[in-house]
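# Residue-level structural notes
This is what each chain is made of:
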Amino acid sequence: MDFERLVFGYARPTTPVVTTLNREYNVKSEALSTGESRRGGHRFQETHAEFAVWAVRVGNAYGSTIDKAPLGPIDEAVGALTPVCVFSADGRGGCSAMMIGIPKLSLVLLIGASGAGKSTFARRHFRASEILSSDYFRGLVSDDETDQTATVDAFDSLHFVAEKRLARGLLTVIDATNVRPESRWSLMALARRFHVVPVAIVLNLDEETCHQRNQSRPDRRFGRSVVRNHCADLRRSLQHLQREGFQYVYDLPSAAVIESVTVTRTRLNNDRTDEHGPFDVIGDVHGCGDELERLLRTLGYVATESPAPSSEIAAGPLYTHPEGRKAVVVGDLVDRGPRGLDVLRIVANMTRHGSGFCVQGNHDHKLLRKLTGSHVKIKHGLAETLAELDGLPPDIQPRFRRELAEFLEGLVSHYLFDDGRLVVAHAGLKESMHGRDSKQLTSFALYGDTTGEVDEFGLPIRLNWAAEYRGKAMVVYGHTPVPAAEWLNGTVNIDTGCVFGGQLTALRYPEREFVSVPAARRYFVPARPFLPEAESDPPTS
């Protein structure tokens, strides 16, 4: 994180180039084990998949586009000796005029010593209604903005207003020193509570400049020690801001940089409110490639040859709809079924070429963790997917794994479509989470509202969040198989258990029509029965 912050958040070169040693290449040397470094003490040595996932995450966080330019010999089985990623600032980087990208819904903390120019910066870049100034709230509660005895009451009032703004989905800027960790804790708690992106903009001016500015203001003629302490606290805090949970940290190290800044508002990756459909939302596929192809054809999609044959994961047919409809898959593409890789190819191709969208399911997330080196339990059908990967020809397997990791890493927790009228998430989503972003939100979207306990089948006990839903948006989801799709308070679960012998179901939007194809057979025995025994085929070996 320190490396990322220093290079992409502080130095911000226009075109940084990052390389790593390919750990997979060690098999080419008899003297090296798989995980051993080829250079003593070399910090960066990753597999292609790990490096690709890191690059995608950093590019998303700092607003850069990524080009790959591998160096050295390229082995068919293990790839290039030295993977290289070239980051292009894409409008945010550069040194002559610094551009800061801030999500439209975020909690922005201005951090700096007294005299650093936080209020001036705020007035220049944000609307007056968006700025909550500690000085202003001191004045509200005491008629004196400099009355330090009113600080507790002032911040109580500031936090109250911040809560109301964030609950309404409004960008909020906190104009206070914020140089001490304890002054940021309660604000970070607000960001987590309302599932908004926390942003730190650090006005990192030297002590002398801040002191001189304060001396020119009749209401700020306090001792130099106050500014000195602020600057010392700021220096101690700076390296820990990302660890505290800030997703964006912008360090502005001089008055010249501060003057050059332009603030742009960006939308989150889940914001597709400008996509109005029509859509075909498809339930959990779980490797049922035959049924997915049959459902797409039934819905009117036509298969053509992929225009990107150089990509392993996008090899195969591209499905498009002659009337411009777009498919949206609720996740869980893999595990349990026999054609997981074909399903991945179909969906990846559609998302790449604009004829489809896909959110991440918990099975997709688990596969990503496995591909990037995490220890996961091989159960609930993951073994079938790994066997398919191991069965790929040796000359394409490493590349396919790399591209697969990049694809899965790029899947979002949920999508917001049609001016917010349609929400698609794997396990559903409460209204208070729509169009927002947090770890708690991602967990809910992947697993649903769970109690932390398991039932007699060893499965998580889930609360029925849909029974309490009263939101304006239609929420379409899957995750838990049901015999048939049924509406409840404007929500619908379309996972009709295809892999367990049920059906693969799509919801046509805005028509609100269901289209289903039956499973060819039962591919996997569910831990908890959800179909009457007569409706499902006998278990298959």
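Residues numbered from 1 in each chain as written. Predicted model: local features only at pLDDT ≥ 70, side-chain atom pairs only at ≥ 80, totals over all residues. Heavy atoms only, no water.

Taking strand neighbours across the sheet as the criterion, the 6 strands line up as 15-21-22-25-27-26 in an open arrangement whose pairing is mixed. Two strands lie at the open edges of the sheet, namely strand 15 (271-272) and strand 26 (487-488), each paired on one side alone. Of the pairings in the sheet, the one linking strand 26 to strand 27 (residues 491-493) comprises 2 bridges and is antiparallel in character. Looking across to strand 27, one finds that Leu 488 is bridged to Thr 491. (Pairing = 2+ DSSP bridges. Helix = DSSP H or I, 4+ residues; strand = E, 2+ residues; numbered from the N terminus.)

Where helix 5 (residues 151-167) contacts helix 6 (residues 181-193), the two axes come as close as 10 Å, and the packing angle between them is 20°. In this view, helix 5 runs roughly parallel relative to helix 6, as classed from their interaxial angle. For the pair helix 5 and helix 6, the sense of crossing is right-handed. Contact residues: His 159, Ala 162, Glu 163 and Leu 166 in helix 5; Ser 186, Leu 187, Leu 190 and Arg 193 in helix 6. (Axes fitted to C-alpha atoms, helices over the stretch in contact; angles between N-to-C directions. Parallel < 35°, antiparallel > 145°, perpendicular 65-115°, else oblique. Left-handed = near helix turned anticlockwise from the far one by under 90°. Contact = heavy atoms within 4.5 Å.)

Turning next to the pairing of strand 19 (residues 326-329). Across the two faces of strand 19 the burial is the same, with Lys 326 and Val 328 and Ala 327 and Val 329 all buried. Relative to strand 19, strand 16 (residues 279-282) runs parallel, the two being bridged by 4 bridges. Directly across from Val 281, in strand 19, lies its bridge partner Val 328. Where strand 19 and strand 20 (residues 356-358) come together, 3 bridges link them in parallel fashion. Of the residues in strand 20, the one forming a bridge with Ala 327 is Gly 356. (Buried < 20%, exposed > 50% of the residue type's maximum accessible area, 1.4 Å probe, protein only.)

Bringing the packing of aromatic side chains into the picture now. For the structure on display, the rule yields 12 aromatic pairs. Here the aromatic rings of Trp 465 and Tyr 469 are separated by 6.0 Å at their centres, their planes lie at 85°, and the arrangement is edge-to-face. For the residue pair Trp 465 and Tyr 469, the accessibility class agrees, reading buried in each case. Put simply, the rings of Phe 279, Phe 357, Tyr 415, Phe 417 and Tyr 509 touch in pairs and so form one group of aromatic residues. Positioned above the aromatic ring of Trp 487 is the side chain of Arg 512, whose terminal nitrogen or guanidinium carbon lies 4.0 Å from the ring centre. (Phe/Tyr/Trp six-rings, centres within 6.5 Å; stacked < 30°, edge-to-face > 60°. Lys NZ or Arg CZ within 6 Å of the ring centre and 35° of its normal.)

Before going further, it helps to examine the side chain of Ser 355. Relative to the elements of secondary structure, Ser 355 occurs in the loop between helix 12 (340-352) and strand 20. Using a relative accessible area of 5% as the deciding quantity, one classes Ser 355 as buried. From its side chain, Ser 355 meets the backbone oxygen of Tyr 319 in a polar contact 2.8 Å long. Those residues in contact with Ser 355 that lie beyond four places of it in its chain are Tyr 301, Leu 318, Tyr 319, Thr 320, Arg 325, Lys 326, Ala 327 and Met 350. (Polar contact = N/O pair within 3.5 Å; in protein donor to acceptor, adjacent residues only side chain to side chain.)

Here we come to the pairing of strand 12 (residues 197-203). Where burial is concerned, most of strand 12 is hidden: 7 out of the 7 residues are buried. By the alternation rule, side chains of strand 12 split into Val 197, Val 199, Ile 201 and Leu 203 and Pro 198, Ala 200 and Val 202, which are all buried. Both strand 9 (residues 106-111) and strand 12 contribute to a ladder of 6 bridges, which runs parallel. Note on strand 12: the bridge partner recorded for Leu 107 is Pro 198.

The next point concerns the pattern of salt bridges. Scanning all chains against the criterion turns up 28 salt bridges. Of the charged contacts in the structure, one is a salt bridge between Glu 259 and Arg 124, with a shortest N-O distance of 3.4 Å. Note that Glu 259 is positioned in helix 10 (residues 255-260) and Arg 124 in helix 3 (residues 118-125), a separation of 135 residues in sequence. Residue Glu 259 is classed as exposed on the basis of its relative accessible area of 53%. In this structure Arg 124 comes out as partly exposed when scored by relative accessible area, which is 40%. The salt bridge partner of Asp 342 is Arg 345, with a shortest N-O separation of 3.6 Å. With Asp 342 and Arg 345 both in helix 12 and 3 residues apart, this pair spans about one turn of that helix. Connected via shared salt-bridge partners are Asp 280, Arg 325, Arg 508, Glu 511 and Glu 513. (Salt bridge = Lys/Arg side-chain N within 4 Å of Asp/Glu carboxyl O.)

A residue-level look at the chain finds 83% of positions with pLDDT of 70 or above and a mean pLDDT of 86. The low-confidence segment residues 30-43 (pLDDT under 50) makes 22 contacts with residues lying over four places distant or belonging to another chain. Counting contacts from residues 536-541, a segment whose pLDDT is below 50, to residues more than four positions away or on other chains yields 12 contacts. (pLDDT = per-residue confidence, 0-100.)

What follows is about the environment of Arg 462. Checked against the element boundaries, Arg 462 lands in strand 24 (residues 460-462). Taking the relative accessible area as the measure of exposure, Arg 462 reaches 30% and is therefore partly exposed. Note: C-alpha distance between Arg 462 and Tyr 447 (15 residues apart in sequence) is 8.6 Å. When neighbours within four sequence positions are excluded, Arg 462 is seen to be in contact with Tyr 447, Asp 449, Thr 450, His 479 and Thr 480.

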